[in-house]
Amino acid sequence: MSPSVPLQEMIRAIRSARTQCEERGVIQRECASIRAQFRQADNGGRSHNLAKLLYVHMLGYPAHFGQMECVRMIASPRYSEKRVGYLGAMMLLDEKQDASLLITNSIKNDLSHSNQYVQSLALCTLACMGSAEMCRDLAPEIDRLLRASNSYIKKKAALCAVHIVRKVQDLGELFAPAARSLLAEKNHGVLHGAVVLITELCERNPETLAHFRKTVPDLVHIMKGLVISGYSPEHDVAGISDPFLQVRILRLLRILGHNNETASDAMNDLLAQVATNTDSTKTVGNAVLYETVLTVLDIKSESGLRVLAVNILGRFLLNNDRNIRYIAMTSLQKIVGTDHNAVQRHRGTIVDCLKDQDASVKRRALELSLALVSASNIRSMMKELLLFLTSCPPELRAHAASGIFNAAERYAPSQRWHIDTILHVLTTAGGDVRDETVPNLIQLITNASELHCYTVHKLYRALLTDISQQSLVQVACWCIGEYGDLLLRGECQETEPVQVTEDNVLDALETVLQSHMSSPATRAFALTATMKLSTRITDNVDRIRSIVSIYGSCIDVELQQRAVEYNALFKKYDHMRAAVLERMPVIEKSSGHSNGEPAGETVKEFQPAKLKQGEPLLPQQPNMYISLDHLVISPHLSPECSIFPTAPTMTVYEKNGVTLTVSCDRQSDSDLTVTLSASNSTDSDISSFTLQAAVPKSVQLHMKAPSGDFLPAHGTAKVTQMVVLNNPNKVGLENLQTVVNICH
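Predicted model only: the values in this text are computed from it and were never measured. (Residues numbered from 1 in each chain as written. Predicted model: local features only at pLDDT ≥ 70, side-chain atom pairs only at ≥ 80, totals over all residues. Heavy atoms only, no water.)

**Overview of the overall build of the protein**
From N to C terminus, the protein includes 32 helices and 14 strands. Evaluated residue by residue, the protein yields a buried proportion of 49% over its 744 residues. Sequence separation of 24 or more characterises 66% of the internal contacts of the protein that already satisfy a separation of 6 or more. (Helix = DSSP H or I, 4+ residues; strand = E, 2+ residues; numbered from the N terminus. Buried < 20%, exposed > 50% of the residue type's maximum accessible area, 1.4 Å probe, protein only. Contact = heavy atoms within 4.5 Å.)

**Details of the packing of helix α17 (residues 303-316) against helix α18 (residues 322-335)**
The N-to-C vectors of α17 and α18 enclose an angle of 145°; their axes lie 8 Å apart at closest approach. Handedness of the crossing formed by α17 with α18: left-handed. Contacts from V310, L313 and F316 in α17 reach I324, R325, A328, S331, L332 and I335 in α18. Residue composition of the contact of α17 with α18, by class: seven nonpolar, one polar and one charged. (Axes fitted to C-alpha atoms, helices over the stretch in contact; angles between N-to-C directions. Left-handed = near helix turned anticlockwise from the far one by under 90°. Nonpolar A, V, L, I, M, F, W, Y, C, P; charged D, E, K, R; others polar.)

**Considering the environment of C477**
Topologically, C477 is positioned in helix α27 (residues 470-489). Separated by 18 residues in sequence, C477 and L459 have C-alpha atoms that sit 8.4 Å apart. Sequence-distant contacts of C477, that is, excluding residues within four places in its chain, are made with L509, V512, F525, A526 and A529.

**Section: the packing of helix α8 (residues 132-146) against helix α10 (residues 172-181)**
Contact geometry of α8 with α10 gives a least axis separation of 9 Å together with a crossing angle of 5°. It follows from the interaxial angle that α8 and α10 lie roughly parallel. Within the contact between the two elements, α8 uses A139, P140, I142, D143 and L146 and α10 uses L174, F175 and A178. Looking at the contact of α8 with α10 residue by residue, the classes come out as seven nonpolar, no polar and one charged. (Parallel < 35°, antiparallel > 145°, perpendicular 65-115°, else oblique.)

**Considerations on unusual backbone geometry**
Keep in mind that most residues, glycine aside, have a negative phi and that most peptide bonds are trans. Backbone geometry at D242 places phi at a positive 45°, although glycine is not the residue there. Counting through the fold element by element, D242 comes out in the loop between β2 (240-241) and α14 (243-257). The class for D242 is buried, based on a relative accessible area of 8%. The backbone of N259 sits at a positive phi, close to 60°, despite the residue not being glycine. Take N259: it is sitting in the loop between α14 and α15 (261-277).

**Looking at the packing of aromatic side chains**
Counted under the stated rule, the structure contains two aromatic pairs. Ring centres 5.9 Å apart and planes at 80° place the aromatic pair W478 and Y483 in the edge-to-face group. Residue class for W478 comes out buried when judged on its relative accessible area of 14%. We classify Y483 as buried; its relative accessible area is 3%. (Phe/Tyr/Trp six-rings, centres within 6.5 Å; stacked < 30°, edge-to-face > 60°.)

**Brief notes about the nonpolar core**
Counting residues in hydrophobic clusters, the biggest one holds 177 residues, and the most contacted among them are I142 and F175. Considering every element that reaches this core, the biggest residue donor is α27, with twelve residues. Apart from the residues lying within four places of it in its own chain, the contact partners of I142 are L111, L123, L126, A157, C160, A161, I164 and F175. (Core = buried A, V, L, I, M, F, W, Y, C linked by side-chain atoms within 4.5 Å.)

**Considering the pattern of salt bridges**
Tallied over the full model, the rule gives 27 salt bridges. For R166, the salt bridge is made with E200, and the minimal N-O distance between the two is 3.3 Å. Remark: E200 occurs in helix α11 (residues 188-204) and R166 occurs in helix α9 (residues 151-167); sequence separation between them is 34 residues. Using a relative accessible area of 51% as the deciding quantity, one classes R166 as exposed. (Salt bridge = Lys/Arg side-chain N within 4 Å of Asp/Glu carboxyl O.)

**Remarks on the pairing of strand β10 (residues 671-680)**
Along a regular strand, successive side chains alternate from one face of the sheet to the other. Burial analysis of β10 places eight of its ten residues in the buried class, the great majority of the element. Of the pairings in the sheet, the one linking strand β9 (residues 658-666) to β10 comprises nine bridges and is antiparallel in character. Looking at the pairing, C664 lines up with V674 of β10. Bridge analysis of β10 against strand β13 (residues 718-726) gives nine bridges, and the strand direction is antiparallel. Counterpart to S677 in the pairing with β13 is T720. (Pairing = 2+ DSSP bridges.)

**Quick notes on a negative patch on the surface**
A contiguous patch of negative charge on the surface is contributed by E261, D265, D269 and E302. Inspection of the secondary structure puts D269 in helix α15. Residue D269 is classed as exposed on the basis of its relative accessible area, which comes to 59%. (Patch = residues over 30% accessible without salt bridge, like charges linked within 9 Å, V, L, I, M, F, W, Y side chains within 5 Å. Areas by Shrake-Rupley, 256 points an atom, 1.4 Å probe, with all protein chains shown as cover. Lys, Arg positive; Asp, Glu negative; His and termini not counted. Charge placed at Lys NZ, Arg CZ, Asp CG, Glu CD.)

**Regarding α11**
For α11, with 17 residues, the first-to-last C-alpha span of 25 Å sits near the 24 Å given by 1.5 Å per residue. Within α11, 13 of the 17 residues are buried, which leaves the element mostly enclosed by the surrounding structure. The residue sitting at the N-terminus of α11 and contributing the capping side-chain oxygen is N187; that oxygen lies 2.8 Å from the backbone nitrogen of G189. (Expected span 1.5 Å × (residues − 1). Polar contact = N/O pair within 3.5 Å; in protein donor to acceptor, adjacent residues only side chain to side chain.)

**Notes on the state of the cysteines**
Taken as a whole and judged by the stated rule, the model has zero disulfides. Unpaired in this structure, C135 has its nearest cysteine sulfur neighbour in C160, at a distance of 7.0 Å. Relative accessible area serves as the criterion here: at 0%, C135 is assigned to the buried category. (Disulfide = S-S within 2.5 Å.)

**Some words on the side chain of E200**
In this structure E200 comes out as buried when scored by relative accessible area, which is 8%. Setting aside residues up to four positions removed in sequence, E200 forms contacts with V162, V165 and R166.

**Comments concerning the environment of Y152**
Looking at the secondary structure, you find Y152 in helix α9. On the accessibility criterion, Y152 (28% relative accessible area) is partly exposed. Separated by 35 residues in sequence, Y152 and Y117 have C-alpha atoms that sit 9.1 Å apart. Setting aside chain neighbours within four positions, we find Y152 in contact with Q116, Y117 and S120. A polar side-chain atom of Y152 sits 3.1 Å from a polar atom in the side chain of S120.

These figures come from the coordinates and say nothing about function on their own.
Right under this line is the structure:
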């Protein structure tokens, strides 16, 4: 290819290449020709060759060998060569390369040039790729040009000053006086550059921000002139006078009025005027209105003005443009906490956006709808959210379910409504709910004692309908295991009477155990529920025993362990089965969760009931678990001394008037006798008082008959019970616990 080939011919040759290999060949030959001409001392086509090299650079090929040519051309006295040289410097050089420092002196000279277009080239290059060192050296020159009489140069200098402030924040004080004087200019380009520069200065220095708050009246005056001015062909866009400058001024006013009462008061009338007089039928007008709304919401504006801003966002929700609807909901989401009532007026429009086809708009509408739920609208909003849950995209289902759970927990009008709502979610999206849903619902059901019958009937029907929703099945199995006797009675007044037999219940649980859709955790719930039913039914205990025994050889270790332990309850510890499988006590909700299980659940302690005169004693069965920490074996003792601990009589529990003491008496190296004594110092008698103990598997436990099950008030008598522990393997006792079961 000839070295003198024009740029257009080179472009045509590159585009006509059939393969990339052919294209590389064309470029390599042309680059070799350009290098050869760069080495010539007197070359009249330097600008032409550099222009071709810049095109090669745009295609992604190496062009770094042209950097020094850019430096030489910038120093040229000819404008045509300077223009290409500065363009090449902006494309081929950056502040990390040493070659950029070579053009500092050339830029400084050109900033003082008599030709405004040469000055403009130097300003644009410095604003594009000036390093921190270059900015420090040339900042005084830029400050001088900010005070020049030429509007074209002042506009370029203002934008160059913005780059310098971003690079070297300390230089902001140098430009502050000149920037304020630029606000008196009539030229729209200069005003735009001045507003951008002042915005940058205010964002980076609090002292400068306080200084420029005095310019709020000037900015308000400029903005009013733009709003009420007539048609200006030069700056008009779709009927809006210079919308770019309006947007910039509104952003600056937002910064100046933030957390400042005086500045906010000075701009309230202007913002109201812009909000009411701007045409909202075109995108340009919506851009100005959106910035106005953001400014109103961010400053200390009047309440009426804030309502007007929210109403503008409400109109945005009706716009056909999805982008406008999206930004409207994003803004409403930020202010729903502070202007809840104003946003609440647009609840219907927001809920309608849940039906939008765009996934981003739908997500924003969901978040905003959840934020609008309150005690007064919980029923109507929950209907809409539950309807949305049935058809929402899979990626939003977990978020929607979690939001519904949180809203129901905060604003539920009744416990029955709360339970029905959660069950509806589990039926619809049970596979997408979070792990803590199951223990949270179990805790809710446990506390709603008057709804146990209603809940177990409803969950039993749900279990017969669908066993694919694992969370729902787990809760249903737990509820059937706890309250299966209520299900068998068929006396629930809240639901239609259904006759359920013991075989029906066991068939349902066995279906869950055998289903391929059931997870190991779900099978564990079903197996435990089946075992618990052995104390709640009378005719099918043998069937339960056979079901449990099957899973003693299950491949799942967790399920196998449960089955083996349950088989042991049937055989060796059948006398303890009723006590071990009694109903769970009321549990308090804990803050943390792990793997779907409540972490740190605490058993609700027994509170002595205040009996009215003539009121009979009603049996209640809260449990208290007492750890005998004083009996923990020290690891430093020798095996002979640590088979059984010995301790004097000690008090291990003393709360709510009930006191429990323990005394130990070692009979031999492997036998220990523990005497438990309980007393009641309250004003009420305690009946059906029992003591239970649990020990490690290596220790044999024998509890002798207690002295009684009645604890009279005021400590007039005690209940004692002896426990004999046999440790044939002489293993240290690391965890001995006593369970106190009180019926009052």
